[in-house]
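One-letter residues, chain by chain:
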Amino acid sequence: MTEGFGTGCHLHLIDGSAFIFRAFHALPPLTRKSDGLPIGAVAGFCNMIHKYVQDNRGPDAPTHVAVIFDKGSHTFRTDLYPDYKANRDEMPADLRPQIPLTREATRAFNIACIEKENYEADDIIATYARLAVEKGGRVTIVSSDKDLMQLVGNGVEMLDAMKNKRIGVEEVEAKFGVGPDRVVDVQALAGDSVDNVPGAPGIGIKTAAQLIQDYGDLETLLDRAEEIKQPKRRQTLIEHRAQIELSKKLVTLDAETPLDETLDDLEVKDPDAETLLGFLAQMEFRTLLKRVADALGAEPPALSETSPAAADPAAPETPAALPFDPEGYECVRHAAALEVWIGRAQGRGRVAVDTETTGLDEMRVDLVGISLSVEPGQACYIPLGHREGEGDLFGSAALAGGQMPMDEALALLKPLLEDPAVMKIGQNMKYDAKILARHGIAVAPIDDTMLMSYAMHAGLHGHSMDALSERYLGHAPIPIKSLLGSGKSQITFDKVPVAEAVKYAAEDADVTLRLAELFKPQLHRAKVTTVYETLERPLVPVLAEMEMHGIKVDRDTLSRMSNAFAQKMAALEAEIHDLAGESFNVGSPKQLGEILFDKMSLAGGKKGKTGAYATGADVLEDLAAEGHDLPARVLDWRQLSKLKSTYTDALQDHINPETGRVHTSYVITGAVTGRLASTDPNLQNIPVRSEEGRRIREAFVAEEGKVLLSLDYSQIELRILAHVAGIDALKEAFREGQDIHAMTASEMFDVPMAEMTPEIRRRAKAINFGVIYGISGFGLARNLRIPRSEAQGFIDRYFERFPGIRDYMDATVAFAKEHGYVQTLFGRRIHTPEIGAKGPQAGFARRAAINAPIQGTAADIIRRAMIRMPAAIEGLPAKMLLQVHDELIFEVEAGAAEDVADRARAVMERAGLPAVALDVPLVVDAGQGPNWAAAH
DNA sequence: TGATTCACG
DNA sequence: GACGTACGTGAATCAG
């Protein structure tokens, strides 16, 4: 068949995704015996492909065949309509890791495997079908998906492989009431709840078909909509014309998809027995292996009963068992050697990557070298920027010899690091991804051992590589300090001799790879695969983007405020010294305590563990309330001191000289609950509560012509509490948009809403927050500055009115005691190892356990929103810049602010779906302005 | 380096 | 019955 595709040829196009989902749902959740990898869908898929091949060998056998898959969820349809397929359930956690294996399986059967980023399988199918028909061939689409039925006719038919039933023009007419050429018109009117195509409200397939039959086609129908007799129907069509036309665009397949493979590439080929049987053996499909071997007339390879190593004799027994040996590490100095490593990584489909740099600020440091590991114990280091010698005053030292030019090495590595078929494994990949992004490399896909540990072990221990290696591999890696030294004489990594760097850097890649091999299968067993794959890993590129973009901070504004603060502080300081009758360091709690409680002998002096008087704000406030001026002045001074040192001064040092912006760094594993932490600088604690402090936000500005847009969840934690504790009264109040604190107050103190006073409301508000934190009489008493007995009375009353709260608290603590962890609505686990402790820790652990599911669920929700945000605002002139726990800040071209706000709000308010539908609405408030103070 | 203080949600 | 206590963070500062 060298003439290529033409008359007499018969093309089969298999809807691969449909096969996978059918296989997944039809089979029990099988796992691979040797390592627990879920494998059921792959098994079913292979069975279906094998059966398909066997069933299609006769005289009408296809000459060309391809399996077509969906790739990614972004398509031109989501651009047209961001909600397209937004109702889809997320892919089950057990299925996700099997997706790449179905591609491998297809290739193992020697069948063309087609997928294309940003295009749905259906569009690719439409395009091949058109091409085949144009060349005079016939087409069979192996699928029963109604969305493909518009392609039937003119030499194209469908085949339902399960029922072994062909679908031709007649069958399509039976289903849609119109011919294939008008199917899209009917779909546009009827909509589709599965794909979330809106259509015309109240019109189903029956009515739609009738209308199209009557008017011929959709365009005529819409143009002549006034003629429709039924008033409701007429109005619907006129009112929703735009929506119907959009729906038609969504359901119409694009037969002009750009293709990488020609029809000729799809020619049927016999499978290579060794490859196919090898794959099936690797999957450990015993029965299928034998069946396929019989069909091929080949001998099935042996499948060992016990050891997974038998399948791959080169593989070590366990990652931990192999000793660490720096002799196994290679220094790569030439392109040829690097190409060998790249080839090995490609062959293996995964590689651990680590970058070495001159510091920790990803936006400023220089790349010094890269290490790779493809098998435990085998790693290399590619030195790129090591320097030696002194260097003169104006420049850095000369590059050391024996290093590849950085450009050359990166050009070779780029295809590997961006190869969608090769998993790049890192420890804290966000760091490496940002470094590489600055060199034009978009690393993907990624796995991250730090995030795997976080998903499995949050609350148990830290997730640094050194900690993980020691704990799980029994190996303490070379400490960085041994290379760089510490303190004043500390050097940067580029000054480390290459020979030393090889041992350190290659070991890091080696450790990372071993940790990934250990952790990956454990994720399934710990039931946190979904958490890792939907809440941790996808956040990495989103945060990297936000951090690299940064937010503009106006130095002059900060500088002016700093000067003003300094003046006020000096005045206060003089006054304080005057009141004290002597000069002392106002910033020293020790000296202040001695002045207050020894020299002035004020009452209330309490010494802490260290023997120093406590001089916290609460203590000083009490003293000030008694009429003492000195503590009042100190409070003012402290506020200014804080604002000046932490904000107006320190923030200026964080302005990147190249970008003029401040680039924070989010620590994904920073808080046990799932919240992010912001560091260097912390942009999650910029003042807002005091008037004076809030003005610091005026220094956070939008670029010329743009605005800052802030969207924040209203009362998200209380809403989650209402949901998880099942408090009907609270749910009701949220549904009706009531003032929740006032409603609580009314309920507790029997005050009608109309007669609510700010003081009563304030108390209820404190109680509401107290509940989220695991309330205690003591804590509430201190917060409200009321007697403990009175506070306890409030709490008792609260529990009486909302009995579900107590049940929730008791149930949560009992769960923690039984399991050693608590979890969020999305399955995030937070370990509570102290829950069974005796003594005061028990109280802490108890309250933390009560708070964690609430705070953690809120954290999960905003994570989900952030992960979906780039797609939702794609094409709009907007960038997501910051996250402050329940708030997202964007920088937007002024004209597009409303648009972006609408899209972003929709994403945030629906962020729990489809995994979790809360019983209460999520409400998002928005604001915009030239700076953060104005936007909030 | 640890304790204290205070900024945020 | 006493014991201490609101939940989660990061940064600056003092003192040893």
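Residues numbered from 1 in each chain as written. Chains lettered and ligands numbered in written order. Predicted model: local features only at pLDDT ≥ 70, side-chain atom pairs only at ≥ 80, totals over all residues. Heavy atoms only, no water.

Participant: Got a sec to walk through the overall build of chain A? Specific residues and values, please.
Facilitator: Check the secondary structure of chain A and you find 37 helices and 25 strands. Its C-alpha atoms give chain A a radius of gyration of 33 Å, within 12% of the compact-globule value 30 Å for 936 residues. Taking the principal axes of its C-alpha atoms as reference, chain A extends roughly 110 × 80 × 55 Å. Within chain A, buried positions represent 49% of all 936 residues. Total accessible area computed for chain A in this model is approximately 42100 Å², and 51% of it derives from carbon and sulfur atoms. (Helix = DSSP H or I, 4+ residues; strand = E, 2+ residues; numbered from the N terminus. Rg over C-alpha atoms; globule rule 2.2 N^0.38 Å. Buried < 20%, exposed > 50% of the residue type's maximum accessible area, 1.4 Å probe, protein only. Areas by Shrake-Rupley, 256 points an atom, 1.4 Å probe, with all protein chains shown as cover.)

Participant: An account of the packing of aromatic side chains is needed here, citing residue identities and associated values.
Facilitator: Taken as a whole and assessed by the stated rule, the structure comprises 10 aromatic pairs. Pairing Phe45 with Phe69 gives two aromatic rings, centres 6.0 Å apart and planes at 35 degrees, and the pair type is tilted. Linking Phe45 in helix α2 (residues 40-55) with Phe69 in the loop between β2 (64-68) and α3 (76-80), this pair joins segments that are 24 residues apart in sequence. The two residues Phe45 and Phe69 agree in class, both being buried. Here the aromatic cluster, defined as three or more aromatic residues joined through ring pairs, consists of Phe19, Phe45 and Phe69. Taking NZ or CZ as reference, Arg514 lies 3.7 Å from the ring centre of Phe324, over its face. In this structure, Arg697 packs its charged tip against the face of Trp932, placed 4.2 Å from the ring centre. (Phe/Tyr/Trp six-rings, centres within 6.5 Å; stacked < 30°, edge-to-face > 60°. Lys NZ or Arg CZ within 6 Å of the ring centre and 35° of its normal.)

Participant: I'd love a proper account of the nonpolar core, names of residues and values included.
Facilitator: One finds Ile370, Leu372, Ile382, Tyr713, Met866 and Phe890 to be the most contacted residues of the largest nonpolar core, which totals 188 residues. Sequence-distant contacts of Phe890, defined by excluding residues within four places in its chain, comprise Val707, Leu708, Leu709, Leu711, Met869, Ile873, Lys879, Met880, Leu881 and Ala904. Core analysis: the second largest hydrophobic core is formed by 49 residues, Cys9, Met149, Val183 and Ala225 among them. (Core = buried A, V, L, I, M, F, W, Y, C linked by side-chain atoms within 4.5 Å. Contact = heavy atoms within 4.5 Å.)

Participant: Describe in detail the pairing of β2, supporting the description with residues and values.
Facilitator: In terms of burial, β2 is largely enclosed, as 5 of its 5 residues are buried. Here β2 shows no split at all, with His64, Ala66 and Ile68 on one side and Val65 and Val67 on the other all buried. As paired elements, strand β1 (residues 10-15) and β2 share 5 bridges and run parallel to each other. Directly across from Leu11, in β2, lies its bridge partner His64. Pairing analysis gives 3 bridges linking β2 to strand β3 (residues 112-114), with the strands arranged parallel. Bridging from a neighbouring strand, Ala66 pairs with Ala112 of β3. (Pairing = 2+ DSSP bridges.)

Participant: Describe in detail the state of the cysteines, supporting the description with residues and values.
Facilitator: A complete count under the given rule lists 0 disulfides for this structure. Counting only cysteine sulfurs, Cys46 is the nearest neighbor of Cys113, a cysteine outside any disulfide, at a range of 12 Å. The cysteine Cys380 is free of any disulfide, with Cys331 supplying the nearest cysteine sulfur at 8.8 Å. Its relative accessible area of 0% is what places Cys380 among the buried residues. (Disulfide = S-S within 2.5 Å.)

Participant: Any details on the domain arrangement of chain A? Residues and values, ideally.
Facilitator: Accessible area lost when the parts come together is the quantity often used to give the size of an interface. Structurally, chain A comprises domain 1 (10-266), domain 2 (273-311), domain 3 (326-389 + 396-550), domain 4 (552-662) and domain 5 (716-856). The gap between the C-alpha centroids of domain 2 and domain 4 is 74 Å. (Domains from an automatic or database assignment.)

Participant: Can you tell me about the sheet that holds β2, naming the residues and giving the values?
Facilitator: Strand order in the open sheet formed by 6 strands is β3-β2-β1-β4-β5-β6, with mixed pairing between adjacent strands. Each edge of the open sheet carries a strand with a single partner, namely β3 and β6 (165-167). Here the strands of the sheet are splayed against their neighbours by 25 degrees on average, with no regard to which way each runs. Across 5 bridges, the pairing between β1 and strand β4 (residues 138-142) is parallel. Bridge pairing in β4 places His10 opposite Arg138. In the packing of α2 onto the sheet, the strands contacted are β1, β2 and β4, and the crossing angle to β2 comes to about 165 degrees. (Axes fitted to C-alpha atoms, helices over the stretch in contact; angles between N-to-C directions.)

Participant: How would you summarise the environment of Arg32 if you had to cite specific residues and measurements?
Facilitator: As for its placement among the helices and strands, Arg32 is situated in the loop between α1 (16-26) and α2. Expressed as a C-alpha distance, the spacing of Arg32 and Phe285, which sit 253 residues apart in the sequence, is 8.6 Å. In contact with Arg32, not counting residues within four places along its chain, are Leu37, Ile39, Gln282, Met283 and Glu284. Polar side-chain contacts of Arg32 include one of 3.0 Å to the backbone oxygen of Gln282. (Polar contact = N/O pair within 3.5 Å; in protein donor to acceptor, adjacent residues only side chain to side chain.)

Participant: Could you give an account of the protein's contact with DNA strand C, naming the residues involved and the relevant values?
Facilitator: Neighbouring DNA strand C are 34 residues; Ser588, Asp680, Asn682, Phe778 and Arg782 lie closest to it. Those atoms of DNA strand C that come within 4 Å of the protein belong to sugar or phosphate at a rate of 67%. Contact distances for DNA strand C include 3.1 Å between a phosphate oxygen and a backbone N or O atom of Val672. Between DNA strand C and Ser776, the relevant distance is 3.2 Å, taken from a base oxygen to a side-chain nitrogen or oxygen of the residue. Put simply, the parts of the chain that give the surface near DNA strand C at least two residues each are α24 (589-599), α26 (629-653), β18 (677-679), α31 (758-772), α32 (777-784) and α35 (840-872). Residue contributions to the surface near DNA strand C peak at 5 residues, all from α35. In the surface near DNA strand C, the residues fall into 11 nonpolar, 16 polar and 7 charged. (Near = heavy atom within 4 Å. Nonpolar A, V, L, I, M, F, W, Y, C, P; charged D, E, K, R; others polar.)

Participant: Summarise the pairing of strand β20 (residues 706-713); cite the residues concerned and give the values.
Facilitator: The buried fraction of β20 amounts to 6 of the 8 residues, a majority that puts the element mostly inside the structure. Pairing of β20 with strand β24 (residues 887-893), which is carried by 7 bridges, proceeds in the antiparallel orientation. Bridge pairing in β24 links Leu711 to Leu888. Strand direction decides the pairing type here: β20 and strand β25 (residues 924-929), joined by 6 bridges, are antiparallel. Opposite Tyr713, over in β25, you have Val924 as the bridge partner.

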